[in-house]
Amino acid sequence: MTDDVAARSASLLDGLRSFGANYTEFTRRFADWLGLHATDAAALVEILYAEDTGSPLSPARLGERIALTSGATTNLLNRLENLGYVVRTRENTDRRVVTLRSGTDIQAPAREFFGPFSAGLAALVAEYPPEEIERFEGFLRQLKSTMDKVLEEQA
């Protein structure tokens with residue numbers, strides 16, 4: 001690897017690490033704001049995000065995303081459901097398949113908390129031509145794929 005590539009790689013990783021730290025801090029503050037445990041808030045963020053992107057999660061997929069066992073995921077979902085933050089639905093023709101949806105009690109608070117960030121992100125994206133954003137998205141997909149392969153090899 002040339003010195004230039006090494007320096008650019010280090011700079012990119014530093015930026016991604018900083019973003020990751022900020023993302024974690026956002027989730028922690030969301031948890032504090034709602035009076036939740038950080039893991040419960042992280043799960044809620046995953047459920048909200050998946051729903052917003054049109055790919056709602058199953059309990060098993062949520063457990064994978066936040067690294068919890070099925071039993072711990074069930075307990076977490078019970079807590080969030082009791083608060084009105086999550087609803088388990090059966091939307092699939094196979095009625096055994098459970099889909100996680102945000103409850104009506106979390107939608108307005110989530111918009112209030114994440115609204116400023118969403119607005120800032122939209123303004124930032126608007127500063128770049130679509131082709132540049134698409135190229136960056138492609139880079140992130142390839143980076144994730146590379147990380148997935150390394151993690152799979154290490155398992």
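Residues numbered from 1 in each chain as written. Predicted model: local features only at pLDDT ≥ 70, side-chain atom pairs only at ≥ 80, totals over all residues. Heavy atoms only, no water.

For the chain, an unreviewed UniProt entry supplies the name MarR family transcriptional regulator and the organism Amycolatopsis keratiniphila.

**Student:** Any chance you could explain the UniProt feature "domain: HTH marR-type" (unreviewed entry) in the chain here in plain terms?
**Tutor:** Those residues carrying the UniProt feature "domain: HTH marR-type" (unreviewed entry) are residues 9–145 in this numbering. Taken end to end, residues 9–145 comprises 74% helix and 6% strand; its first and last C-alpha atoms sit 16 Å apart. (UniProt positions renumbered as here; feature names shortened; annotations may be inferred. Helix = DSSP H or I, 4+ residues; strand = E, 2+ residues; numbered from the N terminus.)

**Student:** Could you clarify how one ought to interpret helix α3 (residues 59–66) in this entry?
**Tutor:** Three- or four-residue spacings in an α-helix give side chains the same orientation, since the helix completes a turn every 3.6 residues. Taken together, the buried positions of α3 are occupied by Leu62, Gly63 and Ile66. Projection of α3 onto a plane perpendicular to its axis shows the buried side chains occupying an angular sector of 100°, all on one side. Exposed side of α3, more than 90 degrees from the buried face: Ala60 and Glu64 are the residues found there. Contact partners of the buried residues in α3: α2 (38–52), α4 (70–82) and β2 (99–102). (Buried < 20%, exposed > 50% of the residue type's maximum accessible area, 1.4 Å probe, protein only. Arc of directions from axis to C-beta. Contact = heavy atoms within 4.5 Å.)

**Student:** What exactly am I supposed to notice about the environment of Ala31 here?
**Tutor:** Looking at the element boundaries, Ala31 is found in helix α1 (residues 3–34). For Ala31, a relative accessible area of 1% gives the class buried. It is 5.0 Å that separates the C-alpha atoms of Ala31 and Ala41, two residues lying ten residues apart in sequence. The residues contacting Ala31, other than those within four sequence positions of it, are Leu36, His37, Ala38 and Ala41.

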